[in-house]
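Coordinates in review
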Amino acid sequence: MAASHTTMLAAVAVVLAVAASLPATASAASYTVGDDSGWDNGVDYDAWARGKKFKVGDTLEFLYSEGFHNVEVVDAQGYADCAAASNAPTLTSGDDTVTLSQPGRWFFICGVEGHCDSGQKLAVNVH
């Protein structure tokens with residue numbers, strides 16, 4: 001009886017050790033930017049992001065009409081100026097997923113002329 005109790009305790013210890021070694025991204029969240037409105041003109045992305053707790057490993061899915069919008073990953077200055085550097089990553093598929101791979105501020109704009117200036121931009125703080 002004592003041997004089976006010891007075996008069970010050892011098995012529980014192994015399960016706990018494996019669970020503790022799983023990456024934190026196992027609980028990563030996936031967000032569709034703008035929810036049902038997607039990535040489009042006329043959406044308040046500040047309001048959409050407000051109250052969300054973005055973490056490293058979470059993903060943002062940008063859904064939009066291919067050819068009508070895009071997603072450019074920019075820095076704080078590019079976000080403020082609605083201008084991307086010539087080497088800024090630009091996504092164009094209409095169904096783009098970005099993994100938030102590090103903590104800090106992340107900035108996204110639509111690079112189509114006038115779209116960012118009309119509010120099609122997103123800033124998120126990743127913990």
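Let us look at the structure shown here. Since we're looking at a predicted model, the values are computed, not measured. (Residues numbered from 1 in each chain as written. Predicted model: local features only at pLDDT ≥ 70, side-chain atom pairs only at ≥ 80, totals over all residues. Heavy atoms only, no water.)

**Section: the sheet that holds strand E2 (residues 59–63)**
Filter applied, for reference: Note on pairing: DSSP must find at least two bridges between two strands before they are called paired. Going along the chain from the N terminus, every DSSP run of H or I of four or more residues is numbered as a helix, and every run of E of two or more is numbered as a strand. Where helices are involved, their axes are fitted lines through C-alpha atoms of the stretch in contact, as for all axes, and angles between N-to-C directions lie from 0 to 180°.
Spatial ordering of the open sheet is given by E1-E2-E5, a layout of three strands whose pairing is mixed. Since the sheet does not close on itself, it has two edges, and those belong to strand E1 (30–32) and strand E5 (95–99), each with one partner. On average, each strand axis in the sheet is inclined to that of its neighbour by 20 degrees, with strand direction left out of account. In this structure, E1 lies alongside E2, joined through three bridges in parallel fashion. Along E2, the bridge assignment pairs Ser-30 with Thr-59.

**Re the nonpolar core**
Most often, soluble globular proteins keep nonpolar side chains buried together rather than apart. The condition is simple: The term nonpolar core refers to a set of buried residues drawn from Ala, Val, Leu, Ile, Met, Phe, Trp, Tyr and Cys, joined through side-chain atoms within 4.5 Å. Accessible area is worked out with a 1.4 Å probe on protein chains only. A residue is then buried under 20% of its type maximum, exposed over 50%, and partly exposed in between. Here, two residues are considered to be in contact whenever any of their heavy atoms come within 4.5 Å of each other.
Formed by 20 residues in total, the largest nonpolar core has its most connected members in Trp-39, Phe-54, Leu-60, Phe-62, Phe-108, Leu-122 and Val-124. Look past the residues within four positions of Phe-54 in its chain and what remains in contact with it is Tyr-31, Trp-48, Ala-49, Leu-60, Leu-100, Val-124, Asn-125, Val-126 and His-127. Counting seven residues, the second-largest nonpolar core is a separate cluster that includes Val-74, Cys-82, Ile-109 and Ala-123.

**A few points about unusual backbone geometry**
Its identity is not glycine, yet Asp-35 carries a phi of approximately 50 degrees, on the positive side. Of note, Asp-35 is situated in the loop between E1 and helix H2 (45–49). Taking the relative accessible area as the measure of exposure, Asp-35 reaches 45% and is therefore partly exposed.

**Notes on the side chain of Thr-59**
Selection rule: Any N or O atom pair separated by 3.5 Å or less is treated as a polar contact, with the protein-specific requirement of one donor-capable and one acceptor-capable atom, and with residues adjacent in sequence counted only for side-chain atom pairs.
In this structure, Thr-59 sits in strand E2. In terms of polar contacts, Thr-59 uses its side chain to reach the side chain of Ser-30, at 3.2 Å. Setting aside chain neighbours within four positions, we find Thr-59 in contact with Ala-29, Ser-30, Tyr-31, Thr-97, Val-98 and Thr-99.

**Some details on the sheet that holds strand E4 (residues 90–91)**
To summarise the sheet geometry, strands pair through backbone hydrogen bonds and adopt either a parallel or an antiparallel arrangement. Here four strands make up an open sheet; going across it, the order is E4-E3-E6-E7 and the pairing antiparallel. Strand pairing shows two members of the sheet lacking a second neighbour, E4 and strand E7 (121–126), which therefore form its edges. Bridging between strand E3 (residues 71–74) and E4 involves two bridges; their strand directions are antiparallel. Among the inter-strand pairings, Val-71 is bridged to a residue of E4, identified as Leu-91.

**Structural notes on the state of the cysteines**
Formally: Disulfides are defined as pairs of cysteine sulfur atoms found within 2.5 Å of each other.
One pass over the structure, following the stated rule, counts one disulfide. Paired through a disulfide, Cys-82 and Cys-116 show a sulfur-sulfur distance of 2.1 Å. Of note, the bridge from Cys-82 to Cys-116 carries an S-S torsion of about -70 degrees and is left-handed in sense. With Cys-82 in the loop between helix H3 (76–81) and E4 and Cys-116 in the loop between strand E6 (104–109) and E7, this pair connects stretches of sequence that are 34 residues apart. For Cys-116, a relative accessible area of 4% translates into the label buried. Cys-110 forms no disulfide, and the closest cysteine sulfur to it belongs to Cys-116, at a distance of 8.1 Å.

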